[in-house]
2 protein chains.
Amino acid sequence: MTDWKRLLAPLTLMLFAMPVAARGADPLPSWHDTGPKQAIMAYVGKVTAKGPGYVAPAERIAVFDNDGTLWPENPVPFQAAYAFDEIRRRAPAEPALAADPMVQALLAGDMATLLAGKHHDGLLHIMALTHAGMTSDEFNAAVSAWMNTARHPKFDRPYDQLTYQPMQELLRYLRANGFKTFIVSGGGADFMRVWSERVYGIPPEQVVGSSTRSRFEMRDGRPVLVKTMDAVFVDDKDGKPVGIQQFIGRRPIAAFGNSDGDKAMLEYVTIGNPHPSFGMIVRHTDAAREYQYDVNPKSSGTLVDALKEAPARGWTVVDMAADWRTVFADTVPGEKADVRVTERQ
Amino acid sequence: MTDWKRLLAPLTLMLFAMPVAARGADPLPSWHDTGPKQAIMAYVGKVTAKGPGYVAPAERIAVFDNDGTLWPENPVPFQAAYAFDEIRRRAPAEPALAADPMVQALLAGDMATLLAGKHHDGLLHIMALTHAGMTSDEFNAAVSAWMNTARHPKFDRPYDQLTYQPMQELLRYLRANGFKTFIVSGGGADFMRVWSERVYGIPPEQVVGSSTRSRFEMRDGRPVLVKTMDAVFVDDKDGKPVGIQQFIGRRPIAAFGNSDGDKAMLEYVTIGNPHPSFGMIVRHTDAAREYQYDVNPKSSGTLVDALKEAPARGWTVVDMAADWRTVFADTVPGEKADVRVTERQ
């Protein structure tokens, strides 16, 4: 017996769902109708339409830097904020930790000591203390707990509610057009994977980041992975194309970044690519709604060389102040409305 | 104006398409209706049906060993066959290569010299000569060319036509049920990624394997990745859960292997997993149609400890001779029919 009701149910859904697409709703409503939006839509149109620029869906790989590209990287990268908060949380109950000179410097607010030396050894030590020596499950639980309670000092919102609305729309727009979206970030892969799927719709297996090698152990008859500082891989600068090769294994066709740390990735994606490619740089020009550091580069988010190279390479440069109608994603239901950053038309 | 014809078209397709599913076509026709097939189907039914065992699609990660699990690993793993053939191809035109003592041993058929020492240094040297020092594009082209021309010594077929038909069906069956399928192999990730999508439907970004770190370079103004022997990662034994953590970033719910090299992966997936999990071992019992080495373990494919552990862990053990109706995938159109391995009912 044919269950007609069940067969017809999808059609009913379709009749309600399709007119939205048919109306041609704007997939990027938080972008002003300026150059970058036009360039994005023209590119996506080209690679998805049958014709000389067509790219098969399997090859539609898009890679996104995270800090400064999908969410802010000030006053410090959010993962550093996690490390600092975690030390403050643990120190009172862990005398050995509290006795560590770099921990004492951190607790005293002495950032100069942490950042001393060419390699910022103090900061690296703080990162090691908070990112190694525990199991992956313990680390994930600690990051989750922090994300649920910590708030950004300037915007007074949970960090995961500070993603850029225009970039969220861009991620969804690309995926709706058959792209597979990846994060390729200097941040730690394990840190991002805790929330990337919920926050960006990007599953853990599509997150490439700085990483170390865990150690497999059986503890009380149960398998665990213990985080170590072995085989450190820094997924930044030249490390980004290296990470792409090692973790994704093929050349993406679109890359999105915001700093000189993304230059090599942009080059790898856009120079000599057999497919039509797209490169984009988000420029932080918006002191009113976010931060302005394009004119006064900081250690995190320096954008000098990549910006110089952009015109010759055909990279699209986004001026946050001029090209974005909205900066941050709407607050989630239940959040205080007053923390919402005002739109700028 | 509503385009009813367009709206209705999917329904028309549905009416033709659905009866096939409704008829309950067997998704695993190359499996005899014995224990393993029943266990696979019961497990997939459990995690996909709403109920206490349900697992959300995002968490349906299945990991497959390759050598000995998806295709044979005898008389030598196919990647070693590639390395040997590649040395033979290159040596006549490269005097420096031909003068290498290990190359001379290989050309003389002196495997004892290559395998001497605890770490088989000679063999590793041959692997380095054929897997490092070239760009990723050059390596990919060489592997492709080899795959198009080389033939397996016993079966006289191209290597990529020696995949196990029952496992191909299993990959498709899992994907049709919302699983994301990954390879997690001791073989080289770069080697497998050249053909994994075409041969298994598994894209490069879902291939985890042994790997090294490439070097990013600009050559004549073009970005290239040069394969090196730096930061060698061996994705075998304890390295398998480590690779899963580093490359996939979450615990799979199903694992398929064939040797002690897969034991740690099977443990990681099936012990203490918060979701219902599935572990399976393919046992090589079929001297007539493939190889029998379950009773006489070789260096590649040793299955002793994992087999001992299987009953206590609830791992499903497949007896190739008894549980598989067909071993190899059908030859592709145009291939000689006489190389097709006879079915065994």
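About the cut-offs
Residues numbered from 1 in each chain as written. Chains lettered and ligands numbered in written order. Predicted model: local features only at pLDDT ≥ 70, side-chain atom pairs only at ≥ 80, totals over all residues. Helix = DSSP H or I, 4+ residues; strand = E, 2+ residues; numbered from the N terminus. Buried ≥ 20, exposed ≤ 12 C-beta atoms within 10 Å, placed from the backbone. Contact = placed C-beta atoms within 7 Å. pLDDT = per-residue confidence, 0-100. Core = buried A, V, L, I, M, F, W, Y, C linked by C-beta atoms within 7 Å. Domains from an automatic or database assignment. Pairing = 2+ DSSP bridges. Axes fitted to C-alpha atoms, helices over the stretch in contact; angles between N-to-C directions. Parallel < 35°, antiparallel > 145°, perpendicular 65-115°, else oblique. Left-handed = near helix turned anticlockwise from the far one by under 90°. Nonpolar A, V, L, I, M, F, W, Y, C, P; charged D, E, K, R; others polar. Least-squares fit on C-alpha atoms with pLDDT ≥ 70 in both.

### Concerning the overall build of chain A
Consideration 1: On a plain count of helices and strands, chain A comes out with 15 helices and seven strands.
Consideration 2: Of all 345 residues assigned to chain A, the portion counted as buried reaches 41%.
Consideration 3: A separation of at least 24 residues holds for 64% of the contacts in chain A among residues at least 6 apart in sequence.

### Comments concerning the confidence of the model for chain A
In regions of low pLDDT, the predicted coordinates are not meant to be interpreted in detail.
Residue and element names in this part refer to chain A.
Consideration 1: Looking at chain A as a whole, the pLDDT averages 90, with 88% of positions reaching at least 70.
Consideration 2: With pLDDT under 50 throughout, residues 11-22 is counted as low confidence; its partners more than four residues away or in other chains account for six contacts.
Consideration 3: The model gives residues 332-345 a pLDDT under 50, and that stretch makes 17 contacts with residues more than four places away or in other chains.

### Let's talk about the nonpolar core
Consideration 1: Formed by 145 residues in total, the largest nonpolar core has its most connected members in A:Val63 and B:Val63.
Consideration 2: In terms of domain composition, this core takes at least three residues from each of domain 1 (31-73 + 158-345) and domain 2 (76-152) of chain B.
Consideration 3: The residues touching B:Val63, leaving out its near neighbours within four places in the chain, are B:Phe182, B:Val184, B:Ile244, B:Pro252, B:Ala255, B:Met265 and B:Val269.

### A word on the sheet that holds strand S6 (residues 278-283) of chain B
All names here are of chain B.
Consideration 1: Here seven strands make up an open sheet; going across it, the order is S4-S3-S2-S1-S5-S6-S7 and the pairing mixed. Edge strands, defined here as strands with exactly one partner in the open sheet, are strand S4 (222-233) and strand S7 (316-319). In this sheet, neighbouring strand axes are inclined to one another by 30° on average, regardless of whether the strands run parallel or antiparallel.
Consideration 2: Bridge count for strand S3 (residues 207-219) against S4 is seven bridges, and the pairing is antiparallel. Residue pairing across strands places Arg-219 opposite Arg-222, the latter belonging to S4.

### Re the packing of helix H13 (residues 263-270) of chain B against helix H14 (residues 305-313) of chain B
Residues and elements named next belong to chain B.
Consideration 1: Look at H13 against H14: their axes get within 10 Å of each other, and the N-to-C directions meet at 15°. Put simply, H13 runs roughly parallel to H14. The way H13 lies across H14 gives a crossing that is left-handed. Where H13 abuts H14, its residues Lys-263, Leu-266 and Thr-270 lie against Asp-305, Ala-306, Glu-309 and Arg-313.
Consideration 2: Looking at the contact of H13 with H14, its residues break down into two nonpolar, one polar and four charged.

### Describing the interface of chain B and chain A
Consideration 1: With 37 residues of chain B at the contact, the number on the chain A side is 37 residues.
Consideration 2: When contributions to the side of chain B that touches chain A are tallied by element, the ones reaching two or more residues are helix H1 (4-23), helix H10 (189-193), S3, S4, helix H12 (239-248) and H13 of chain B.

### A short note on the sheet that holds strand S5 (residues 254-257) of chain A
Strand pairing in a sheet relies on backbone hydrogen bonds. The paired strands run either parallel or antiparallel.
All names here are of chain A.
Consideration 1: Read across the sheet, seven strands follow the order S4-S3-S2-S1-S5-S6-S7 without closing on themselves; strand pairing throughout is mixed. If you trace the sheet from one side to the other, it starts and ends with strand S4 (222-233) and strand S7 (316-319), each paired once. On average, adjacent strands in this sheet sit at an angle of 30° to one another, irrespective of strand direction.
Consideration 2: As paired strands, strand S6 (residues 278-283) and S7 are joined by four bridges and run parallel to one another.

### Section: the relation of the copies chain B and chain A
Consideration 1: Expressed as a screw operation, the relation of chain B to chain A combines 0.0 Å of axial shift with a rotation of 180°, fitting to an RMSD of 0.1 Å. Expressed as a symmetry operation, the mapping of one chain copy onto the other fits a two-fold axis.
Consideration 2: In this assembly, 100% of the residues forming the interface of chain B have copies in chain A that are likewise at the interface, indicating an isologous arrangement.

### Some words on unusual backbone geometry
Residue and element names in this part refer to chain A.
Consideration 1: The omega angle of the peptide bond from Asn-74 to Pro-75 is 0°, so this bond is cis rather than trans.
Consideration 2: Structurally, Pro-75 is set in the loop between strand S1 (61-64) and helix H3 (78-90).
Consideration 3: The residue Asp-156 is not glycine, and still its phi comes out positive at about 50°.
Consideration 4: Structurally, Asp-156 can be placed in the loop between helix H8 (136-149) and helix H9 (165-176).

### Observations concerning the environment of A:Met167
Residues and elements named next belong to chain A.
Consideration 1: Turning to its location among the elements, Met-167 is positioned in helix H9.
Consideration 2: Among the residues examined, Met-167 registers 24 C-beta atoms within 10 Å and is labelled buried.
Consideration 3: Spatially, the C-alpha atom of Met-167 lies 9.4 Å from that of Tyr-200, the residues being 33 residues apart in sequence.
Consideration 4: The residues contacting Met-167, other than those within four sequence positions of it, are Thr-69 and Leu-70.

### Some points on the packing of H3(A) against helix H7 (residues 121-131) of chain A
Pairs of packed helices are described in terms of their axes, by the angle between the two and the distance that separates them.
All names here are of chain A.
Consideration 1: Closest axis-to-axis distance for the H3/H7 pair is 9 Å, and the angle between their directions is 70°. One way to sum up the angle between H3 and H7 is to call them roughly perpendicular. Remark: the crossing between H3 and H7 carries left-handed chirality. Seen from H3, the contacting residues are Ala-83, Glu-86 and Ile-87; seen from H7, they are Ile-126, Met-127, Leu-129 and Thr-130.
Consideration 2: Among the residues making up the contact of H3 with H7, the classes are represented as five nonpolar, one polar and one charged.

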